[in-house]
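# Examination of the molecular architecture
Spelled out from the first residue to the last, the chains are:
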Amino acid sequence: MNTAAMPNTEAVQALEFPIPPGVYAERVVSVRHYTDRLFSFRITRPQTFRFRSGEFVMIGLPNAEKPVFRAYSIASPNWDEEVEFFSIKVPDGPLTQHLQKIEPGDTVLMRQKSTGTLVNDALTPARRLYMISTGTGIAPFASLIRDPETYEKFEQVILTHTCREVAELKYGEELIAATREDPLIGEFTAGRLHYFASTTREPSAHMGRITALIENGALFRALGTPPLDPASDRVMICGSMDMLKDVRALVEKAGLKEGSNAAPADFVVERAFVG
Ligand code: A2P
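Residues numbered from 1 in each chain as written. Predicted model: local features only at pLDDT ≥ 70, side-chain atom pairs only at ≥ 80, totals over all residues. Heavy atoms only, no water.

Turning next to the site of the ligand. Every residue lining the ligand is accounted for by Arg 37, Thr 134, Thr 162, Cys 163, Arg 164, Thr 200, Arg 201, Arg 209, Thr 211, Asp 242, Met 243 and Asp 246. In the environment of the ligand, a nitrogen atom lies 2.8 Å from a nitrogen or oxygen atom belonging to the side chain of Asp 246. More than half of the atoms belonging to the ligand lie within 2 Å of the grid points that define the largest pocket. Those elements giving two or more residues to the shell around the ligand turn out to be β8 (154–163) and α9 (241–253). Examining the composition of the shell around the ligand, we find that three residues originate from one element, α9, more than from any other. Grouping the constituent residues of the shell around the ligand by class yields two nonpolar, four polar and six charged. (Near = heavy atom within 4 Å. Polar contact = N/O pair within 3.5 Å; in protein donor to acceptor, adjacent residues only side chain to side chain. 1 Å grid on protein atoms, 1.4 Å probe; cavity = no way out; pocket = protein on both sides within 12 Å on 5 of 7 lines; lining within 4 Å. Sits in = over half its atoms within 2 Å of the grid points. Helix = DSSP H or I, 4+ residues; strand = E, 2+ residues; numbered from the N terminus. Nonpolar A, V, L, I, M, F, W, Y, C, P; charged D, E, K, R; others polar.)

This part covers the UniProt feature "domain: FAD-binding FR-type" (unreviewed entry) in the protein. Annotation from UniProt places "domain: FAD-binding FR-type" (unreviewed entry) at residues 21–121. Taken end to end, residues 21–121 comprises 4% helix and 39% strand; its first and last C-alpha atoms sit 29 Å apart. (UniProt positions renumbered as here; feature names shortened; annotations may be inferred.)

Attention now goes to the domain arrangement of the protein. Considered domain by domain, the protein is made up of domain 1 (3–111) and domain 2 (120–269). The C-alpha centroid of domain 2 is placed 26 Å from the C-alpha centroid of domain 1. Here domain 1 packs against domain 2, burying approximately 1,800 Å² in sum over the two surfaces, 55% of which is carbon and sulfur. Between Arg 146 and Glu 84 there is a salt bridge, with the nearest N and O atoms lying 3.4 Å from each other. Linking domain 1 with domain 2 are 13 residue pairs in polar contact (both at pLDDT 80 or more). Here the element with the most residues in the side of domain 1 that touches domain 2 is strand β5 (residues 82–88); it accounts for four residues. Per-class residue counts for the side of domain 1 that touches domain 2 are nine nonpolar, eight polar and four charged. (Domains from an automatic or database assignment. Buried area = accessible area lost by both parts, 1.4 Å probe. Salt bridge = Lys/Arg side-chain N within 4 Å of Asp/Glu carboxyl O.)

Below, the discussion takes up the layout of surface pockets. Computed from the structure, the largest pocket encloses a volume of approximately 600 Å³. Those elements giving two or more residues to the lining of the largest pocket turn out to be β8, α7 (210–215) and α9. It is α9 that provides the largest number of residues to the lining of the largest pocket, a total of four residues. Partitioned by chemical class, the residues of the lining of the largest pocket number nine nonpolar, nine polar and seven charged. Looking at which domains feed residues into the lining of the largest pocket, each of domain 1 (3–111) and domain 2 (120–269) supplies at least three. Volume-wise, the second largest pocket comes out at about 330 Å³. Taken together, 17 residues form the lining of the second largest pocket, with Arg 42, Glu 84, Arg 146, Tyr 171 and Ala 178 sitting closest to its centre. Secondary-structure elements contributing two or more residues to the lining of the second largest pocket are β1 (23–33), β2 (38–44) and α5 (170–181). A total of five residues in the lining of the second largest pocket trace back to one element, the largest contributor, which is α5. Residue classes in the lining of the second largest pocket are distributed as seven nonpolar, three polar and seven charged. Two domains share the lining of the second largest pocket, each providing at least three of its residues, namely domain 1 (3–111) and domain 2 (120–269). (Points joined across faces, edges and corners; volume = space filled by probe spheres on them.)

Right, dumping it as structure tokens:
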């Protein structure tokens, strides 16, 4: 028997359906709703579960014989005792219509294998790392900005987050504040972790899509950094399909080359969970 797949005893009592092989059954520790479209939750972490910051894992609910699984970026760093996720709520989404109702004590299923391209290993070291995100695309970066390895590889770490409305920025704002104050990570981030937020459908300090703000230079003026340059800059991109396509085009225009685990280079992209 694979003991790694053994669920929590507490969780097992509540389950109507058998747990599929290769899947952990974990207990929801906390849930936080930000808007009617966004929420985050934390689950217990199996002792045997290892992952690299920035990776994603498949998540499901024990509500069917063959549960629906969706890819979720892990938002917590790899040293955290719990596993955190940041999710959209889709009214008729096969998973999120149920997932958005979870409460502490409920069971969430998580496949044992994590993977992904938004990892430090896929980039070569450089002066600056830009993490460009929209919506729930901030999740993998929530993991990476709390990982000391990120600061070993890059002098400056810049997280950008663009959402439709101001209320949708709250998860990121609280994340940045908590990361800077964290007794473990705070010493790495001091003067090196930078945050840039913008909104597209409601006024805020910076308005506009990140693509427009890169193109017109507003992002670089606000940060006091020069335009993108492969000699000094690396980029990770996470958001919707269209956002990935448009940001990728800008980054490639600046001369950056796509990297992978096998051949690290200048930038990497990954689609944020949708549906
Ligand atoms: P917009 O309001 O102009 O659509 P969503 O919640 O739909 O995933 O969007 C998150 C953010 O991503 C929104 O601010 C949205 O702007 C922006 N966005 C959507 N498509 C693109 C794109 N192709 N390039 C850059 N930003 C985009």
